[in-house]
Amino acid sequence: MAEKFDAIVVGAGPSGNTAAYLMAKAGMKVLQLERGEYPGSKNVQGAIMYADALEAVIPNCRRQAPFERAVLEQRMWLMDERSHVGSHFRGTVDADEQPTRYTVIRANMDKWLSGKAQDAGVLLICETTVVDLLKRGERVVGVRTDRANGDILADVVVLADGVNSLVATRAGLRPPVKAQDVALAVKEMHFLPKQTIEERFNVSGNDGVVIEMFGKITKGMVGTGFLYTNKESVSIGIGCMVEDFKSAGVSPYQLLEELKSHPSVRQLIAGSEVKEYSAHLIPEGGYNAIPTVHGDGWVICGDSGGFVNSVHREGSNLAMTTGKLAAETIVQLRDEGRDYTAANLKRYRSALEQSFVMKDLKKYRDVPEILHGNRQFLTTYPELLTRAAHTMLKVDGVDKLTKEREIKRDFVARRSRFGLFGDAIKLMRAMR
Ligand SMILES: Cc1cc2nc3c(=O)[nH]c(=O)nc-3n(C[C@H](O)[C@H](O)[C@H](O)COP(=O)(O)OP(=O)(O)OC[C@H]3O[C@@H](n4cnc5c(N)ncnc54)[C@H](O)[C@@H]3O)c2cc1C
């Protein structure tokens, strides 16, 4: 007879590790299955990690976690082909406030969090892929793995297998992930001496800088670029919606090469040694793309449930929070002696609705549709704004009023008065 556990967790990313850790800490017999060689071996992230979400799982995480740099400065760049206009935020609101964002290297981070789960009693088995779910009628009762005699039973299964969500899809628990709801991102790690990073980004100690980039770098496709400082490396990447890559016929690699040679970026990575190249999908369909998140004997969390806030570039915190809420629901039901039926696990959905996860996703629910239907936000406006900055800052004997009129004429010529008004309304609707 197949071995039986209280719970099986599929995947050892932030959502799976959090769920496994909290259930084991509450005394449950937990098995965690990971297809990679070790936790984090297959995972890709920018990567900014959000400490408060981690702190809610591992108190005092700031003293133990393998963080690279605390994000002291955030830059936002709106770019055309040769220049950018941007904004900076540097510092913290209060001097004694702890940073809430840190850059990390995911392989180190996932191994560390998984270590906590194993210390709490989780049995982790790597290099094992879950190929299907075992069902009795509609009820999920375990998993089928790719190992010989690989069926394993459990009272409840936590699906935390990432963006493709293949296990739930194959078992008919959710529809397949649509190309229009996922972005493909590519990333490189550029190694530089610590001192060079500190000089180039004007930071010291463990402080760091992150740069989020938008505009013509994505050639009209819906997407963004990023550059994050680690201790002795810089992560640089760019991603766009899969559907856009298909119709534009542009390769992600080509976009990244162009980003690296952009005049605003080139000097920041000059002389670096590239040691890693990776590509990964990100679920960016938002609120409207979230599937059913629970059923008889199962729950879904993290990327496999589509929990990513693409407007704020948050994914790992939503993964950890959904993993935590799933584990808390399961532990609560166990303590009350209740079965893991769909009706009882509905509490997980209610907890999600009460949390920042669903509130934020709901707030930005119209963003994907508005960006898809209004490419001017990614092409025309970055160009107009960089040109306006150039015009105003050029000291060429032309008076400032004439320059202002020239800028206004430029905006009206490209978008029309009616178009400008309509775009303002659309932006307000997207961000309301
Ligand atoms: C380029 C890029 C940059 C990003 N930047 C950021 C950022 O800066 N900040 C941020 O918060 N988020 C960022 N994200 C998003 C973030 O990485 C994800 O939201 C987060 O990793 C989701 O965690 P997860 O545990 O749900 O899934 P994952 O981290 O994808 O983990 C899923 C795990 O399941 C395993 N698995 C899959 N299928 C199976 C199977 N059948 N059987 C067994 N194991 C399986 C995988 O190997 C993997 O270890 C970024 C993503 C990308 C791609």
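Everything numeric here is computed off the predicted structure, so don't read it as measured data.

Caption draft 1: Representation of the overall build of the protein chain in the model. Along the protein chain, the regular secondary structure elements total 16 helices and 17 strands. Structurally, the protein chain occupies a C-alpha span of about 85 × 50 × 40 Å along its principal axes. Expressed as a percentage of the 432 residues in the protein chain, the buried residues total 51%. Considering only contacts in the protein chain between residues 6 or more positions apart, those separated by 24 or more positions represent 72%. Split by element, the accessible area of the protein chain, about 19,400 Å² in all, is 51% carbon and sulfur. Of the side-chain charges in the protein chain, 58 are positive and 54 negative, and the distance between the mean point of each set is 4 Å.

Caption draft 2: Highlighting the domain arrangement of the protein chain. Examined at the domain level, the protein chain breaks down into domain 1 (4–66 + 105–175 + 291–354), domain 2 (180–283) and domain 3 (368–431). Computed from C-alpha atoms alone, the centre-to-centre distance between domain 1 and domain 2 is 29 Å. Taken together, the contacts link 13 residues of domain 1 with 17 residues of domain 2. With both chains or domains summed, domain 1 and domain 2 bury close to 1,200 Å², and 64% of this area falls on carbon and sulfur atoms.

Caption draft 3: Spotlight on the packing of aromatic side chains. The tally for this structure, following the rule as stated, stands at five aromatic pairs. Arranged with centres 5.9 Å apart and planes meeting at 75°, the rings of Y253 and Y277 form a pair that is edge-to-face. Placement of the pair is Y253 in helix α8 (residues 252–260) and Y277 in strand β15 (residues 273–283), with a sequence separation of 24 residues. Classification of Y253 as partly exposed rests on a relative accessible area of 45%. Both rings, one in Y381 and one in F411, keep their centres 6.5 Å apart while their planes meet at 50°; by these two values the pair is tilted. With Y381 in helix α14 (residues 380–393) and F411 in helix α15 (residues 400–415), this residue pair connects regions lying 30 residues apart in the sequence. The residues Y381 and F411 share a single accessibility class, namely buried. Connected via pairs of aromatic rings, a cluster forms that spans F377, Y381 and F411. Sitting over the face of the ring of Y38, K111 holds its NZ or CZ atom 4.5 Å from the ring centroid. For K275, the ring lying beneath its charged end belongs to F191, and the centroid distance is 4.6 Å.

The rules behind the values
Residues numbered from 1 in each chain as written. Predicted model: local features only at pLDDT ≥ 70, side-chain atom pairs only at ≥ 80, totals over all residues. Heavy atoms only, no water. Helix = DSSP H or I, 4+ residues; strand = E, 2+ residues; numbered from the N terminus. Buried < 20%, exposed > 50% of the residue type's maximum accessible area, 1.4 Å probe, protein only. Contact = heavy atoms within 4.5 Å. Areas by Shrake-Rupley, 256 points an atom, 1.4 Å probe, with all protein chains shown as cover. Lys, Arg positive; Asp, Glu negative; His and termini not counted. Charge placed at Lys NZ, Arg CZ, Asp CG, Glu CD. Domains from an automatic or database assignment. Buried area = accessible area lost by both parts, 1.4 Å probe. Phe/Tyr/Trp six-rings, centres within 6.5 Å; stacked < 30°, edge-to-face > 60°. Lys NZ or Arg CZ within 6 Å of the ring centre and 35° of its normal.

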